[in-house]
Amino acid sequence: MTDDHKSLPGVLTPEAGLHRLADQLAERFTGVFARETIDRYVFESYTALARTAKVTMHLPVLAGRFATERLTALAQAKGAIPSDVCEVLFVCVHNAGRSQMAAGLLAQRGAGRVHVRSAGSQPSATIDAAVIEAMAEVGVDITAEFPKPLTDDVVRAADVVVTMGCGDACPVYSGKRYLDWQVRDPAGLSVGEVRAIRTDIDTRVRALLAELHPAAARA
């Protein structure tokens, strides 16, 4: 953390905010992780997102969400937190288009009967605006989502890992299902073109859901 982050009296600096977040997560994960692990995940998550962030005002909040997701995934992988639904991870290079669309559609179609994460090997600063618009057209709001780096913990927690035809390589662990969907990259395309990609992904999502949870696919 640098001196570039100044604050007004009574306003938390990013560093102070991250320490407060670590306090909250240490309470949440009592008996699961040591405080040193909590601190490391919080500050690593902040640093990872800061590498691509164009605006840092809300970065501590996003880092908090990212750290919470990673710690939850790690706890699930360790068996410290039970997961009673299938965990699906979507991966593309920038986590700004295809993987976000797939995650949003599966979360909607699965209606809580699957749990979905997404990540990218080289995450962008923001999600593609045309992707956000195309998803909103089918009732999937991804405005609160953000590109996240691919980390080992979320791969370990996944039951199914889906790469989106972009050449991304994930760590391979036994007992997991790995799929690769050859899907066109929506970067720089018009909303109309993104709609076609959305339809392609939705077809694949419905087929995957039918395999994972037939009752959910018919809902």
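Above this text you will find the structure in question.
What comes next is a walk through the structure. (Residues numbered from 1 in each chain as written. Predicted model: local features only at pLDDT ≥ 70, side-chain atom pairs only at ≥ 80, totals over all residues. Heavy atoms only, no water.)

Thoughts on the pairing of strand β1 (residues 86-92)
Side-chain positions along a regular strand alternate between the two faces of the sheet.
In step 1: Of all seven residues that make up β1, seven are buried, and the element is covered over most of its length.
In step 2: Of the pairings in the sheet, the one linking β1 to strand β2 (residues 114-120) comprises seven bridges and is parallel in character. Paired with cysteine 86 across the two strands is valine 114, which belongs to β2.
In step 3: For the crossover from β1 across helix α4 (residues 98-110) to β2, the handedness is right-handed.
In step 4: Sheet topology note: the β1/strand β3 (residues 160-163) ladder contains four bridges and is parallel. (Buried < 20%, exposed > 50% of the residue type's maximum accessible area, 1.4 Å probe, protein only. Helix = DSSP H or I, 4+ residues; strand = E, 2+ residues; numbered from the N terminus. Pairing = 2+ DSSP bridges. Right-handed = clockwise from strand over helix to strand, strands pointing away.)

Regarding unusual backbone geometry
A negative phi angle is the norm for most residues apart from glycine, just as the trans form is the norm for most peptide bonds.
In step 1: Positive phi values are uncommon outside glycine, yet asparagine 95 reaches one of about 50°.
In step 2: Checked against the element boundaries, asparagine 95 lands in the loop between β1 and α4.
In step 3: For asparagine 95, a relative accessible area of 0% translates into the label buried.
In step 4: For alanine 111, which is not a glycine, the phi torsion comes out positive at approximately 50°.

Quick word on the pattern of salt bridges
In step 1: Within the structure shown, the criterion is met by 15 salt bridges.
In step 2: Across the pair arginine 98 and aspartate 185 runs a salt bridge, and its minimum N-O distance is 3.8 Å. Of this pair, arginine 98 sits in helix α4 while aspartate 185 sits in the loop between β4 (177-180) and α7 (191-212), and the two are 87 residues apart along the sequence.
In step 3: By relative accessible area, arginine 98 is classed as buried at 8%.
In step 4: Assessed through its relative accessible area of 36%, aspartate 185 is described here as partly exposed.
In step 5: Measuring nitrogen to oxygen at the nearest pair gives 3.5 Å for the salt bridge that ties arginine 206 to aspartate 202. (Salt bridge = Lys/Arg side-chain N within 4 Å of Asp/Glu carboxyl O.)

Considerations on the nonpolar core
In step 1: Counting 31 residues, the largest nonpolar core has Val88, Phe90, Leu106, Val162, Met164, Trp181 and Ile201 as the members making the most contacts within it.
In step 2: Among the elements that make up this core, the one with the highest residue count is α7 (seven residues).
In step 3: When near neighbours in sequence (up to four residues on either side) are disregarded, valine 162 contacts Val88, Leu89, Phe90, Val91, Leu179, Trp181 and Leu208.
In step 4: Residues Leu18, Tyr46, Leu49 and Ala67 belong to the second largest nonpolar core, which totals 20 residues. (Core = buried A, V, L, I, M, F, W, Y, C linked by side-chain atoms within 4.5 Å. Contact = heavy atoms within 4.5 Å.)

A look at the sheet that holds β3
In step 1: With parallel pairing, four strands are arranged side by side in an open sheet as β2-β1-β3-β4. Here the strands that pair on one side only, and so sit at the sheet edges, are β2 and β4. For this sheet the average axis-to-axis angle between neighbouring strands, irrespective of direction, equals 20°.
In step 2: Note that β3 and β4 share four bridges and pair parallel. (Axes fitted to C-alpha atoms, helices over the stretch in contact; angles between N-to-C directions.)

Some words on the packing of aromatic side chains
One pair of aromatic rings is described through two measures. These are the centre distance and the angle between the planes.
In step 1: This structure, assessed with the given rule, holds two aromatic pairs.
In step 2: Both rings, one in phenylalanine 29 and one in phenylalanine 33, keep their centres 5.6 Å apart while their planes meet at 55°; by these two values the pair is tilted.
In step 3: Overall, phenylalanine 29 belongs to the buried group, its relative accessible area being 2%.
In step 4: A centroid spacing of 5.6 Å and a plane angle of 55° characterise the contact between phenylalanine 90 and tryptophan 181, whose relative ring orientation is tilted. Here phenylalanine 90 is found in strand β1, whereas its partner tryptophan 181 is found in the loop between β4 and α7, with 91 residues between them in sequence.
In step 5: On the basis of relative accessible area, phenylalanine 90 is assigned to the buried category, the value being 0%.
In step 6: Positioned above the aromatic ring of phenylalanine 146 is the side chain of lysine 148, whose terminal nitrogen or guanidinium carbon lies 4.9 Å from the ring centre. (Phe/Tyr/Trp six-rings, centres within 6.5 Å; stacked < 30°, edge-to-face > 60°. Lys NZ or Arg CZ within 6 Å of the ring centre and 35° of its normal.)

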